[in-house]
Structures are given as C-alpha cells and as structure tokens.
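Each chain, written out:
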Amino acid sequence: LAVTKKAGENAIDVARGLSARVAELRGTVLPIQVELEATRNYGQTANDKANQLIQKLLFATASVVALVFFALGKREAAIVGAAVILTLTVTLFASWAWGFTLNRVSLFALIFSIGILVDDAIVVVENIHRHIQLGGRKLVEAIPLAVDEVGGPTILATFTVIAALLPMAFVSGLMG
C-alpha cells in the first residue's frame, strides 16, 4: 500500500497522521496477525533534511557574523547579524502568511540569500567604517555619505543576481 501526500501538504504531518491512524485501526480493521512495515517514510526523511538545512542556515549566519566581527569589529558584526536575522524573520513570516511551504529548495535559497544579504551589508558597513576612519566624521555624518556612494551599485548588483535567477520562478514540474 502506497500513501502519498497532496501537493502543498506537510509530509511530516501526513506521515505522523498515517502512523496514528494505523495504530487506531490495529486490532479492529487491521487484524493483529497482519504485519505492517513502513518501507519508506518520506515525512521522516523530509524532517531530517529540513532540520539539517536549518542547522546549516544557523551555522552560516553565525559564521558570517563571526567573520565580520573579526574583520571589522563588534558594531559591524551586530549590524550584519541584525540584518540577517531581521531579513530571515520577515522572509519566513511572509512565506507563512502567503501559504508557501518550506522545503529543501526554499531552505537552500535562504542560505544562498544570506550570502547576497551579507555581501551587501558588508560593502555598506565597510564604506561607513572607511568614512569614519579616513574622514574623521561622526557615525551620524558618515552613514548618509557612505550609503550614497555605494548604495546604488550595491542595489544594482543585487538586482542583477535576482535577474539571473528569476527565470527559475517560471520552471514547472518537479524542478519548479
């Protein structure tokens, strides 16, 4: 007997629900003499892979913050860390609000997006740091000048990456 989930359903919930239902039917509809064995539990596999990717996401975030801390300092690391955490929180909330499900592809995309996000944040923070060091300006004065210098090119570079990956949004079938 093969049981599959509908598209968009949570494989973990389906697997747990099926196990609970089989336990309920044991001894009534399913005789005790009948042996049942799960040959493949995609819910457990999906759960393991999702947990592994979440761990990688947390590791990637911590690694990036640590790298920025050692390279630029604690204030810059806090800014980059806050940007990553805020962006991931808003992204996950928006995904939940629009009914998108998390899977291995979307979790990997989040890990990939950390690279883009942090790259942008580092460019801006480093330029602010440069203005403070070289120009002797206060932080409040340095921020607008530094962002004006690199803000446009940084945003353009991000849009370029998005434009390169945008055709993937129109791929259908299993790959989509």
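Residues numbered from 1 in each chain as written. Predicted model: local features only at pLDDT ≥ 70, side-chain atom pairs only at ≥ 80, totals over all residues. Heavy atoms only, no water.

K.L.:
Hey, could you run me through the nonpolar core in this one?
P.N.:
It is characteristic of soluble globular proteins that their nonpolar side chains tend to be buried jointly. Val80 and Ile114 are the most contacted members of the largest nonpolar core, which has 16 residues in total. Going through the elements one at a time, helix 2 (42-72), helix 3 (74-97) and helix 4 (104-135) are the ones with two or more residues in this core. Leave out the neighbours within four places in its chain, and Ile114 touches Leu57, Thr61, Val64, Val84 and Leu88. Listed in part, the 5 residues of the second largest apolar core include Val124, Ile128, Ala142 and Ala146. (Core = buried A, V, L, I, M, F, W, Y, C linked by side-chain atoms within 4.5 Å. Buried < 20%, exposed > 50% of the residue type's maximum accessible area, 1.4 Å probe, protein only. Helix = DSSP H or I, 4+ residues; strand = E, 2+ residues; numbered from the N terminus. Contact = heavy atoms within 4.5 Å.)

K.L.:
What is the right way to look at the environment of Ala157 in this model?
P.N.:
As for its position among the elements, Ala157 is in helix 5 (residues 139-165). Given a relative accessible area of 39%, Ala157 falls into the partly exposed group. Separated by 37 residues in sequence, Ala157 and Asp120 place their C-alpha atoms 8.7 Å apart.

K.L.:
It is not clear to me how a nonpolar patch on the surface should be interpreted in this structure. Could you clarify?
P.N.:
A grouping of Ile155, Phe159, Ile162, Leu166 and Phe170 is seen on the molecular surface, where their side chains present a nonpolar patch of about 560 Å² in accessible area. Residue placement: Ile155 occurs in helix 5. Classification of Ile155 by relative accessible area gives partly exposed; the value is 49%. (Patch = residues over 30% accessible without salt bridge, like charges linked within 9 Å, V, L, I, M, F, W, Y side chains within 5 Å. Areas by Shrake-Rupley, 256 points an atom, 1.4 Å probe, with all protein chains shown as cover. Salt bridge = Lys/Arg side-chain N within 4 Å of Asp/Glu carboxyl O.)

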